[in-house]
Amino acid sequence: MAKIAVSNPICELDGDEVMRSVWKMVKEKLVMPYVDVPIKYFDLSLENRISTMDSVTVDAAGEIKKCHVGVKCSTVEIDEAMVEEKSLRKLWKSATVFDRERALRSAGSTLRSMMEGANFRQPIRLKTIPQLVASWTQPIIVARHVFGDQYRATDIAVDKRSKYQIVITPEGGDKARSYDVCDFGESGGVAMAMYNSEEKIQGFANSCFQYALELRIPVYLSTKDLTLRDYDGMFVNTFNNIYEKQYKAEFEKAGIWYNHMSIDKMVAFALRSNGGFIWALKNYDGDIQSEMVAQGFGSAELVSSLVFGPDGKTMLTEAHNAASSAGTTMSRGKPAINPLSIVYAWSRGLAQRAKLDANMQLKAFAENLEVACVETVEKGKMTKDLVVSGAGHPGEGEAAFLSSEEMVDAIAERLQEKMLRGAKVFWTLTDEAPMLATYALLPIVRAFTQKSGIEIELSDISVAGRVIAAFSDSLPSEKVQRDELTELGELAKTPVANIVKLPNISASIPQLKACIAELQKQGYSIPDYPEDPQSNEEKEIKAKYAKVLGSAVNPVLREGNSDRRAARAVKNYAKKYPHKMGKWSSDSKTHVSHMTEGDFYGSEKSVVVDHACDVRIELAAADGTTNVLKAKTSLLPGEVIDASFMSKRHLRAFFKKEIDDAKTKDVLCSLHLKATMMKVSDPIMFGHMVSVF
């Protein structure tokens, strides 16, 4: 099987301890055999971070922002004992202030704060893992703010007879403002100063709302704003303002919503709910609640983690669990760490690369990789943590649980099976009656297929969807839509393509204009259709709309051979219950007529090219002038190119003959053309028919 080609790079961030070796197994056995992707490598091991004064972390964050995708292995959490043992108090290059030497922070929290946006943690759900909260039938995704609060705080020990004050010093020479916080008196104690930035909170809000639109689920923000009226109040006000101004209309269109709830009420609500929402929280709150949610779904080990930037493009995916050299579970002398969070770091990173590049093959691979993980566990292959979580028990005669390498090998075997046969069906969302049929039939189809592990994904190739995609470069990010027709066209060229294509409109200009007007009413700032373009800009707009007019869908999805045959069940039904046609009289005047000379068939000339070349199409007029109709068409060795013409004189003579014949025999004269495909020639022929008539 040929590898999937990926044009743009991803950043790989290597980690620490045993997790580093498991990361390498996953990469070499599950990713690289199938994907040819450029990789920019960064070594985030503790030793390299120390030797580079942590410039490697700063460089990695910068490179991720350039190529928009990073995948990160687990790294160690740095505790106080490690700080003292390895002398980790220095002026690190990853620090934000340099007034004194500070302890090195973990690579994960450092990267997240540099990435900005939100850290989304989602449970990896397995049917065989019993849930502690049985009512959660849909995932709960915890969105954790990745900047400030306790993770950027300054905490200090305070001597007795000390006074704690906060001083705010404005730029420009304005008078500093001092706030008394605590007079410690004779006891002494501890103090902490923490902060956040309105700009970072805005980025957090945008990340949450954009990710919610992508997943089509609501957002709940929870804070303690009644107690921290200014601090948490800024989170509440920022989310409200951004939602009302930028996202409310799009949320309502998608049938989702945003709401704020105090954190104590939100915890109770979450436990009573069925799930199916994003839970947005401040930095520390998100860290705590994500652990609770993961355990509620069955296991704190089964979590996927990613950081989604406020630009709606940049994503860092990470293995969820911290690396550790102590207490590693072993099986027959080998590490038995659950590799699923590592696999999901790779799969989600590759899925984001696929989304940005419109690479349908890569997207299908990433989805197959995750499905292979789930099916492997549900078939009884598991590491010790999954056995402890109640995922089941290995088969008779097998070890109590698998090592990490054995688990990766089991996933690799399952993945290979899926790649060879494909495991996803793309169902096209089209227009009018077929769209109504989709809403009625698709839930039934999904109910049958989900039990066999086959996923049905909707792809919007409707007229409206294609218009939005054509002008996405001029739309705000929340209204942008992928060119799903082009994506399906690329997928259709691959062996793994499974596409259910429903009937679609061959859009006429009046239908296109009606569609444009409706989209404009819905808030899409797309231009009117210019029937008589004057400027270059108008000509470019008309050219974009031309790709939506007529039969624009079928040629894309039918590239190559279009093999139309009835399914065997349909044939058998027709044999068993043959259709009774109306009686056909032998003296019926109904007949089919066609031209016998001067038409496309009679004038066709073709040639098979023996080497790659470029050809152009020219019209050589009788007056000696030459008009280039198409400047360049590239051909491959063995391809056929042909040309033909229609004689106007013969065509009009044929039309006159058939009209006269129909009048003589007193029958209907019906002209059959394919103007939605032959957008130039067939309308001209139709005009000649009207003229002759």
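Provided above is the structure to which this section pertains.
### Observations concerning the packing of aromatic side chains
- All chains considered together, the criterion is met by 24 aromatic pairs.
- Note on Tyr-220 and Phe-277: the rings are 5.3 Å apart at their centroids and 80 degrees apart in plane angle, and the pair reads as edge-to-face. Of this pair, Tyr-220 sits in strand β14 (residues 219-223) while Phe-277 sits in strand β16 (residues 277-281), placing them 57 residues apart in sequence.
- Exposure remark for Phe-277: the relative accessible area of 2% places this residue in the buried category.
- Between Tyr-231 and Phe-235 the ring centres are 6.5 Å apart and the planes differ by 20 degrees, which places this aromatic pair in the stacked class. Pair noted here: Tyr-231 and Phe-235 are both in helix α7 (residues 231-254), with a separation of four residues, about one helical turn.

### Quick notes on the sheet that holds strand β21 (residues 424-429)
- If you walk across this open sheet you meet the three strands as β22-β21-β23, and the pairing is parallel. Two strands bound the open sheet, and with one partner strand each, they are β22 (455-460) and β23 (499-500).
- Bridge count between β21 and β22: six bridges; the pairing is parallel. Each residue of the ladder has a partner; that of Trp-427, found in β22, is Leu-458.

### Re unusual backbone geometry
- One non-glycine residue, Met-53, lies in positive phi territory at about 55 degrees.
- Mapping Met-53 onto the fold places it in the loop between α2 (46-51) and α3 (55-67).
- At Arg-161, a position not held by glycine, the phi torsion is positive, near 55 degrees.
- Within the element layout of this structure, Arg-161 appears in the loop between β10 (154-158) and β11 (163-168).
- What makes Arg-161 exposed here is its relative accessible area of 58%.

### Describing the sheet that holds β16
- One open sheet holds the ten strands; their spatial order is β4-β2-β5-β18-β17-β8-β9-β16-β14-β15, and the pairing between them is mixed. Across the chains shown, the open sheet's two edge strands, defined by having one partner strand only, are β4 (39-43) and β15 (258-262). Adjacent strand axes in the sheet meet at a mean angle of 20 degrees, parallel and antiparallel pairs treated alike.

### Considering the pattern of salt bridges
- For the structure on display, the rule yields 32 salt bridges.
- A salt bridge links Asp-409 to Lys-29, with the shortest nitrogen-to-oxygen separation between them at 2.8 Å. Linking Asp-409 in helix α13 (residues 404-421) with Lys-29 in helix α1 (residues 17-31), this pair joins segments that are 380 residues apart in sequence.
- Judged by relative accessible area, which is 33%, Asp-409 ranks as partly exposed.
- For Lys-29, a relative accessible area of 28% corresponds to the partly exposed category.
- For Asp-473, the salt bridge identified is with Lys-544, shortest N-O distance 3.4 Å. Note that Asp-473 is positioned in the loop between α15 (463-470) and α16 (484-491) and Lys-544 in helix α18 (residues 536-546), a separation of 71 residues in sequence.
- Through salt bridges with shared partners, one network takes in Asp-14, Arg-20 and Asp-43.

The rules behind the values
Residues numbered from 1 in each chain as written. Predicted model: local features only at pLDDT ≥ 70, side-chain atom pairs only at ≥ 80, totals over all residues. Heavy atoms only, no water. Phe/Tyr/Trp six-rings, centres within 6.5 Å; stacked < 30°, edge-to-face > 60°. Helix = DSSP H or I, 4+ residues; strand = E, 2+ residues; numbered from the N terminus. Buried < 20%, exposed > 50% of the residue type's maximum accessible area, 1.4 Å probe, protein only. Pairing = 2+ DSSP bridges. Axes fitted to C-alpha atoms, helices over the stretch in contact; angles between N-to-C directions. Salt bridge = Lys/Arg side-chain N within 4 Å of Asp/Glu carboxyl O.

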